[in-house]
Amino acid sequence: MKKSMKMLIICVLLISLVLNANYAFASAGSESAPQSTVRIGYVESEEYGSFTQLLLCIALEFAEQGSIDSSFAEKYKDVNYEEKFVIGDTRKLWEDICDANVSGAGYVFVRDAFYNLDEMDEEEQKTVLTSDVDIMLSMGTGSGVYLAQNKTGYKFMNMFAADPIESGIVKSTTERFDDRSFALVDTTPYIRQLDAGYKFLGFKKLGVVYEDSEDAYIYSAIPTIEAKAEQYGFEVVYEHVDEPVNDEDYEKYYSELKAAYRSLAAKGIDCLLVTISSIEYEDKMQELLDDCIIPSNIKTLAQDELIPVANGVLFGVTLTDCPESATHMVKQIRRYAEEGVPFDKLDMVCETTPKIGVNYTTARRIGFDISFKDLLMVDYIYRNDKED
């Protein structure tokens, strides 16, 4: 009897050990496995080609990892990242991403959770705050500030804010204002841009046109311009032009922009910084430059990456690298969704490799001689057909 009792106790202990081991294994495994399907939405401040590019790269990164159907990657495999996307491309891209959702992959891109704040009135914008998603991908300063200032039931990841810290989307490169916020942070893009521009172009008097508003002050990088002017000793001259609110404003906008350029030329600038703005580069950039900037042999530096350079601006440096940024973003999403890393502990800093572009046609027109040494530093050389 005693022997039977001992055997029973041993069996119970063994069963208990096995159950505890299985429980411990399951608990450990739960940290690296998705707790549930992560629903993803998208909101942008306005339609902007670079937003579309980055969204595409994020989708391609998910496709490479099997979370979006491979047919999507096949459809977009020949996209040229140097080309500017046009109005409406982002919504069509989002629909294609949603069509390629893979069942059981752990991520769902929600078709109805697509928003463009610029196309919505104040009442319509409130629907963004109540969207049924877990993570909202946010593009642009405006959408990041909107989500940061208005409490939502979901977390958001902001990209392409000119200065997410200065604009109040996040507190610092590592700190948030709450545990639902995330912003892609590059602390040196405009610094790199102005450093390279100053060394390459050697200007002494820089002309800058931007809207006289708090938002434009931030996304035009005026604090960085002022800091670099003090560091290098060049002078800065400003003009203010209101950005267009609707399509009817564009004619007035371009007229005022030309007047601002003429005013800066008359003040003796030797370089114009073409700031991030509403200029339709393909249609209007060359016309704006031809009015007085190129005839006055004034050098030009693009703030908005390389698309202005392809359309007549002399020199530009990339602020972002979409594939690099997308890899970083998807890695952080997967760390949160699959590894259990707290959302407010995800890495927000991503400093991408800059690339330099030069418009050789414009250089010849203004008599700017590019040395062979400088040409070796250039990643992209553009020529256009609008040369006199």
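Just above sits the structure.
Residues numbered from 1 in each chain as written. Predicted model: local features only at pLDDT ≥ 70, side-chain atom pairs only at ≥ 80, totals over all residues. Heavy atoms only, no water.

Enquirer: How should I be thinking about the pairing of strand β3 (residues 135–139) in this particular structure?
Expert: Every other side chain in a regular strand lies on the same face of the sheet, so the side chains alternate between the two faces. Across the five residues that make up β3, a large majority, five, are buried. By the alternation rule, side chains of β3 split into I135, L137 and M139 and M136 and S138, which are all buried. Where strand β1 (residues 38–44) meets β3, five bridges bridge the pair, whose relative direction is parallel. Residue V43 lies in a different strand from β3, and its bridge partner there is S138. By the bridge criterion, five bridges tie β3 to strand β4 (residues 155–159) in an arrangement that is parallel. Its bridge partner lying in β4, S138 is registered against N158. (Buried < 20%, exposed > 50% of the residue type's maximum accessible area, 1.4 Å probe, protein only. Helix = DSSP H or I, 4+ residues; strand = E, 2+ residues; numbered from the N terminus. Pairing = 2+ DSSP bridges.)

Enquirer: What's the story with the nonpolar core in this structure? I'm lost.
Expert: Nonpolar side chains in soluble globular proteins tend to be buried together. Counting 69 residues, the largest nonpolar core has F72 and V128 as the members making the most contacts within it. Per-element tally for this core: the top contributor is helix α2 (residues 49–64), with 10 residues. One finds M285, L306, I307 and Y382 within the second-largest nonpolar core, a separate group that totals 53 residues. (Core = buried A, V, L, I, M, F, W, Y, C linked by side-chain atoms within 4.5 Å.)

Enquirer: Would you explain the sheet that holds strand β8 (residues 299–302) in this entry?
Expert: Hydrogen bonds between backbone atoms are what pair the strands of a sheet, whose relative direction is either parallel or antiparallel. With mixed pairing, the seven strands of this open sheet are ordered in space as β6-β5-β7-β8-β9-β10-β11. The strands lining the two open edges of the sheet, one partner per strand, are β6 (235–240) and β11 (380–382). Geometrically, the sheet is characterised by an average inter-axis angle of 20° between neighbouring strands, direction not taken into account. Both strand β10 (residues 356–359) and β11 contribute to a ladder of three bridges, which runs parallel. Counterpart to N359 in the pairing with β11 is Y382. Where helix α9 (residues 222–232) meets the sheet, it contacts β5 (205–210), β6 and β7 (271–274), and its direction lies at approximately 155° from that of β6. (Axes fitted to C-alpha atoms, helices over the stretch in contact; angles between N-to-C directions. Contact = heavy atoms within 4.5 Å.)

Enquirer: Would you mind going over a negative patch on the surface with me for this structure?
Expert: On the surface, a cluster of negative charge is contributed by D247, E248, E280, E282 and D283. Mapped onto the fold, E282 is located in helix α11 (residues 281–293). Its relative accessible area of 37% is what places E282 among the partly exposed residues. (Patch = residues over 30% accessible without salt bridge, like charges linked within 9 Å, V, L, I, M, F, W, Y side chains within 5 Å. Areas by Shrake-Rupley, 256 points an atom, 1.4 Å probe, with all protein chains shown as cover. Salt bridge = Lys/Arg side-chain N within 4 Å of Asp/Glu carboxyl O. Lys, Arg positive; Asp, Glu negative; His and termini not counted. Charge placed at Lys NZ, Arg CZ, Asp CG, Glu CD.)

Enquirer: Can you walk me through the sheet that holds strand β2 (residues 107–116) in this structure?
Expert: Strand order in the open sheet formed by four strands is β2-β1-β3-β4, with parallel pairing between adjacent strands. Edge positions in the sheet fall to β2 and β4, since each has one partner strand and no second. Neighbour to neighbour, the strand axes of the sheet diverge by 20° on average, direction disregarded. Relative to the sheet, helix α4 (residues 89–99) contacts β1 and β2, its axis offset from that of β2 by approximately 160°.

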